[in-house]
Structures are given as structure tokens and as C-alpha cells.
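What follows is the residue order along each chain.
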Amino acid sequence: MRTLRRPRLPAVAIALLGTIGAMAAPAAMDPAIDPALSALIAAPERSAVYVARDAARHPAEELTFFGLAPAMTVVELWPGAGYWTEILGPYLAAQGHYYVALP
């Protein structure tokens, strides 16, 4: 009768943990958030209704993820109530272009 060898569990577990750790690493490589964007999001002039949504929407992180830069041209499709308009308009006003496309 032939006996089968089981793999060494600790070695397999360590290999899997190393793989999972490597998958979590990209968060540390995120580009820094533009201080001008952070200041604009924290501005007291913003609508209180929209500021309350910041905790769920994470606007600085989301716009940084998409690579937003002050000299870009941005087209917002169906802006809705204006949450993103309130951030994008002032941020792009000096160097970029901001367009709103309505149906």
C-alpha cells in the first residue's frame, strides 16, 4: 500500500500569507492627494449637504485615483444635484476646463 505525503501546512500558510500581503501593498503606493484639492474639499463655502456625503464618497481619494490634475479638461455627464460640480468647477477653474453635459 502506498502512502501519500501531505504538504507541510506551515510552509503553505506562510506562502499564502506572503501572497496576500503583496496584494495589499498597492494601497501604500497610492499617489499623494493634491493639497489644493484637499483644501477645496475642506472649504467652509461648500454646501453642508454635500460635506455630509464626503464620508461615504471620499472625494479626494476618488479624484486622485482617477488622476485628476488642475490643468485637465473634464466633462461631467448628467451632474445630478451638483456634488461633483461643487468640487470640480473651482478646482479646474484656474488652469483646466470643466464642462457639464446635460441630456
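Refer to the structure presented above.
All chains use their own residue numbering, which begins from 1 and follows the written sequence. Residue-level local features of this predicted model are given only where pLDDT is at least 70; pairs of side-chain atoms are given and counted only at 80 or more, and the full residue set underlies all totals for whole chains, interfaces and linings. Values reported for side chains reflect all heavy atoms of the structure, with hydrogen atoms and water molecules removed beforehand.

## Structural notes on the overall build of the chain
Put simply, the rule reads: Under the DSSP-based scheme used, a helix requires at least four consecutive residues in state H or I and a strand at least two consecutive residues in state E, with every element numbered from the N terminus. Only heavy atoms enter the contact rule, under which two residues are in contact if any of them lie within 4.5 Å. Residue burial considers only the protein chains on display, and all accessible areas are found by Shrake-Rupley using a 1.4 Å probe.
Looking only at helices and strands, the chain features five helices and two strands. Scanning the chain from its N terminus toward the C terminus, one meets helices and strands in the order α-α-α-α-β-α-β. Considering only contacts in the chain between residues 6 or more positions apart, those separated by 24 or more positions represent 61%. Approximately 7,900 Å² of the chain is accessible, and the part contributed by carbon and sulfur atoms is 68%.

## Some words on helix α5 (residues 83-92)
Applied cut-off: For every residue, the accessible area (1.4 Å probe, protein chains only) is compared with the maximum for its type, and the residue is labelled buried under 20%, exposed over 50%, or partly exposed between those bounds.
A large share of α5 lies buried, amounting to seven of its ten residues. Listed as buried for α5 are Tyr83, Trp84, Glu86, Ile87, Leu88, Tyr91 and Leu92. Looking at the buried side of α5, the elements it contacts are α2 (35-41), α3 (48-57), α4 (59-65), β1 (73-77) and β2 (97-101).

## Side note on the pairing of β1
This is how the line gets drawn: Only strands joined by at least two bridges in the DSSP assignment are considered to pair. A right-handed crossover is one whose linking path, passing over the helix from the first strand to the second, runs clockwise when the strands point away from the viewer.
Residues Val74 and Glu76 line the buried face of β1, whereas the alternating positions Thr73, Val75 and Leu77 sit on a face that is not buried. Pairing between β1 and β2: five bridges, direction parallel. Opposite Val74, over in β2, you have Tyr98 as the bridge partner. Handedness of the crossover is the feature at issue here: the chain leaves β1, passes through α5, returns alongside β2, and the resulting connection is right-handed.

## Some words on the packing of α3 against α5
For clarity, the cut-off: To get an axis, fit a line to the C-alpha atoms, keeping to the stretch in contact for a helix; angles then go from 0 to 180 degrees between the N-to-C directions. For classification purposes, an angle smaller than 35 degrees is called roughly parallel, one larger than 145 roughly antiparallel, one from 65 to 115 roughly perpendicular, and anything else oblique. Ten residue types, Ala, Val, Leu, Ile, Met, Phe, Trp, Tyr, Cys and Pro, are classed as nonpolar, four, Asp, Glu, Lys and Arg, as charged, and the remainder, Gly among them, as polar.
As a packed pair, α3 and α5 sit with axes 10 Å apart at the nearest point and diverge in direction by 95°. Considered as vectors, α3 and α5 are oriented roughly perpendicular to each other. Touching Tyr50, Arg53, Asp54 and Arg57 of α3 are Tyr83, Trp84 and Glu86, all from α5. Grouping the constituent residues of the contact of α3 with α5 by class yields three nonpolar, no polar and four charged.

## Considering a nonpolar patch on the surface
For clarity, the threshold we go by: The residues that make up patches have over 30% relative accessible area and no salt bridge, and they are joined within 9 Å when like-charged or within 5 Å when they are Val, Leu, Ile, Met, Phe, Trp or Tyr. Criterion for a salt bridge: a side-chain nitrogen of Lys or Arg within 4 Å of a carboxyl oxygen of Asp or Glu.
Where nonpolar side chains cluster on the molecular surface, the patch consists of Val75, Leu77, Trp78 and Tyr99 and spans about 500 Å² of accessible area. Among the secondary structure elements, Leu77 is positioned in strand β1. Leu77 gets classed as exposed once you look at its relative accessible area, which sits at 57%.

## Description of the environment of Val75
Secondary-structure assignment places Val75 in strand β1. With a relative accessible area of 52%, Val75 lands in the exposed category. Considering only alpha carbons, one finds Val75 and Ala101, 26 residues apart in sequence, at a separation of 6.8 Å.

Structural measurements only, silent on function.
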